[in-house]
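# Residue-level structural notes
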Amino acid sequence: QVRVVESGGGLVQTGGSLRLSCAASGSGVSINVMAWYRQAPGKQRELVATITSDGTTNYVDSVKGRFTISRDNAKNTMYLQMNSLKPEDTAVYYCYAGRDLIRGNWGQGTQVTVSS
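In this report, we go over the structure that sits alongside the text.

Conventions and cut-offs
- Residues numbered from 1 in each chain as written.
- Predicted model: local features only at pLDDT ≥ 70, side-chain atom pairs only at ≥ 80, totals over all residues.
- Heavy atoms only, no water.
- Disulfide = S-S within 2.5 Å.
- Helix = DSSP H or I, 4+ residues; strand = E, 2+ residues; numbered from the N terminus.
- Buried < 20%, exposed > 50% of the residue type's maximum accessible area, 1.4 Å probe, protein only.
- Salt bridge = Lys/Arg side-chain N within 4 Å of Asp/Glu carboxyl O.
- Contact = heavy atoms within 4.5 Å.
- Pairing = 2+ DSSP bridges.

### Some points on the state of the cysteines
Scanning all chains against the criterion turns up one disulfide. Each sulfur of the disulfide joining cysteine 22 and cysteine 95 lies 1.8 Å from the other. Residues cysteine 22 and cysteine 95 are joined by a disulfide whose S-S torsion is about -70 degrees; by sign, that bridge is left-handed. One end of the pair, cysteine 22, is in strand 3 (residues 18–25); the other, cysteine 95, is in strand 9 (residues 91–98), with 73 residues separating them in the sequence. As far as burial versus exposure is concerned, cysteine 22 and cysteine 95 are alike and both buried.

### Notes on the pattern of salt bridges
Scanning the entire structure with this criterion turns up five salt bridges. The shortest N-O distance in the salt bridge between aspartate 61 and lysine 64 comes to 3.0 Å. A residue is classified by how much of its surface remains accessible, and aspartate 61, at 60% relative accessible area, is exposed. One salt bridge in this structure joins arginine 66 and aspartate 89, with 2.8 Å as the shortest N-O distance.

### Quick notes on the environment of threonine 113
The residue threonine 113 is located in strand 11 (residues 110–115) in this model. Taking the C-alpha atoms as reference points, threonine 113 and glycine 16, separated by 97 residues in sequence, lie 11 Å from one another. Not counting residues within four places of it along the chain, the set of residues in contact with threonine 113 comprises Gly10, Leu11, Val12 and Thr90.

### Thoughts on the pairing of strand 7 (residues 67–72)
Along strand 7, the buried face is formed by Phe67, Ile69 and Arg71; none of Thr68, Ser70 and Asp72, which line the opposite face, is buried. Taken together, the six bridges between strand 7 and strand 8 (residues 77–82) define a ladder with antiparallel strand orientation. For arginine 71, the partnering residue across the bridge sits in strand 8 and is methionine 78. Remark: four residues form the turn of the hairpin made by strand 7 and strand 8, two consecutive strands paired antiparallel; asparagine 76 in that turn has positive phi of roughly 50 degrees.

Right, dumping it as C-alpha cells:
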C-alpha cells in the first residue's frame with residue numbers, strides 16, 4: 001500500500017503562481033506513474049499531468065505552457081509548478097501514484113483557488 005500526501009494549495013490572484021507537492025511512501029510497490037488530477041465543483045475529475053519514472057511527461061491542453069510537472073524518484077516526490085493561473089484552474093487537486101493509471105493510490109486533495 002502506498003500513502004500519498006499533497007501539500008501547497010491555497011488562494012492566489014489571476015496570473016499568480018503556486019507549487020504543489022506530493023509525497024508517496026510505502027514499501028514493496030513500484031511507483032511507475034505519478035499524476036495530478038483536479039476536480040472543480042460540479043465537474044468530473046480531470047487528468048492534468050502525468051510523469052513516469054523515466055521522466056516522460058504529458059499535460060492536458062489547457063495547462064500546456066503554464067504548468068510544469070517534475071519528480072524526484074529517489075524521494076518518490078512529485079511537484080506541479082503552476083504559473084499564469086486562471087480562475088478556471090480553481091479546483092481540488094489530487095495526487096496519484098501507482099504502477100499505472102489503473103493500479104494506484106490517491107491523496108486526500110488540496111484546494112487551489114484563483115481569484116479574478
